[in-house]
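# Analysis of the macromolecular model
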Amino acid sequence: MPNYSSRVELPVIKIGTRWGHAQYQVLGSTATYSVFPGEGITPAYCTCPAFAYSVMLSKSEIMCKHLLATKVALRLSRQLERPASKGFLAQIAKERYSQVRSSQA
């Protein structure tokens, strides 16, 4: 298991907007995933394939490792924080749009 305490960059990044919304990015082994830890009545979600298959389809797991990492980081206050830029928000919208279009094909 990697020792993140000695790393300069933390694997969980909290991206906050001026209006108080936060999105989390988790640096995975092969990609960076968007994680929504679920607050109040909003369900938790991760954009990784493991979440889609193991959590949502087969229901064999309750969460993926990226969602777990986000929840642990939040509990221990160990996330890297940065503000969202207009370019970042446009990139997120583009990624979501392409995911929706590819799932409809």
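Look a little higher up for the structure.
This one's a predicted model, so the numbers in the text were calculated from it and none came from an experiment.

Conventions adopted
- Residues numbered from 1 in each chain as written.
- Predicted model: local features only at pLDDT ≥ 70, side-chain atom pairs only at ≥ 80, totals over all residues.
- Heavy atoms only, no water.
- Pairing = 2+ DSSP bridges.
- Helix = DSSP H or I, 4+ residues; strand = E, 2+ residues; numbered from the N terminus.
- Contact = heavy atoms within 4.5 Å.
- Axes fitted to C-alpha atoms, helices over the stretch in contact; angles between N-to-C directions.
- Patch = residues over 30% accessible without salt bridge, like charges linked within 9 Å, V, L, I, M, F, W, Y side chains within 5 Å.
- Areas by Shrake-Rupley, 256 points an atom, 1.4 Å probe, with all protein chains shown as cover.
- Salt bridge = Lys/Arg side-chain N within 4 Å of Asp/Glu carboxyl O.
- Buried < 20%, exposed > 50% of the residue type's maximum accessible area, 1.4 Å probe, protein only.
- Arc of directions from axis to C-beta.
- Phe/Tyr/Trp six-rings, centres within 6.5 Å; stacked < 30°, edge-to-face > 60°.

### Describing the pairing of strand 2 (residues 22-27)
- Sheet topology places strand 1 (residues 12-16) next to strand 2; 5 bridges connect them, and they run antiparallel. Residue pairing for strand 2: glycine 16 is matched across the bridge by alanine 22.
- Turn length for the strand 1-strand 2 hairpin, with the two strands adjacent in sequence and antiparallel, is 5 residues, and the turn residue glycine 20 shows positive phi of about 95 degrees.
- In the sheet, strand 2 pairs with strand 3 (residues 32-36) via 4 bridges, with the strands oriented antiparallel. Each bridged residue has a counterpart across the sheet, and for leucine 27 the counterpart in strand 3 is threonine 32.
- Between strand 2 and strand 3, which follow one another and run antiparallel, lie 4 residues.

### Section: the sheet that holds strand 4 (residues 45-46)
- Pairing in this open sheet of 5 strands is mixed, and the strands run 4-3-2-1-5 from one edge to the other. This sheet does not close on itself; its edge strands, each paired only once, are strand 4 and strand 5 (80-83).
- Along the sheet, helix 2 (residues 65-76) contacts strand 1, strand 2, strand 3 and strand 4; its crossing angle with strand 3, the most-contacted strand, is approximately 65 degrees.

### Regarding a nonpolar patch on the surface
- A grouping of Tyr45, Tyr53, Met56 and Leu57 is seen on the molecular surface, where their side chains present a nonpolar patch of about 460 Å² in accessible area.
- At 3 residues, the largest contribution of residues to the nonpolar patch is made by helix 1 (residues 49-57).
- Looking at the element boundaries, tyrosine 53 is found in helix 1.

### Details of helix 1
- Residues Phe51, Ser54 and Val55 constitute the buried set of helix 1. Relative to the axis of helix 1, the buried residues are bounded by an arc of 100 degrees and lie together on one face. Along helix 1, exposed side chains directed more than 90 degrees from the buried face belong to Pro49, Tyr53 and Leu57.
- Immediately beyond the C-terminal end of helix 1, within one or two residues, lies lysine 59, with a positive phi of roughly 55 degrees.

### Structural notes on unusual backbone geometry
- Non-glycine residue lysine 59 carries a positive phi angle of around 55 degrees.
- By the element assignment, lysine 59 lies in the loop between helix 1 and helix 2.
- Its identity is not glycine, yet serine 77 carries a phi of approximately 55 degrees, on the positive side.
- Summarising the element assignment, serine 77 is placed in the loop between helix 2 and strand 5.
- You can call serine 77 exposed: its relative accessible area is 58%.

### Some words on the packing of aromatic side chains
- As enumerated under the stated definition, the model contains 1 aromatic pair in all.
- Note on tyrosine 45 and phenylalanine 51: the rings are 5.3 Å apart at their centroids and 80 degrees apart in plane angle, and the pair reads as edge-to-face.
- Residue phenylalanine 51 is classed as buried on the basis of its relative accessible area, which comes to 4%.

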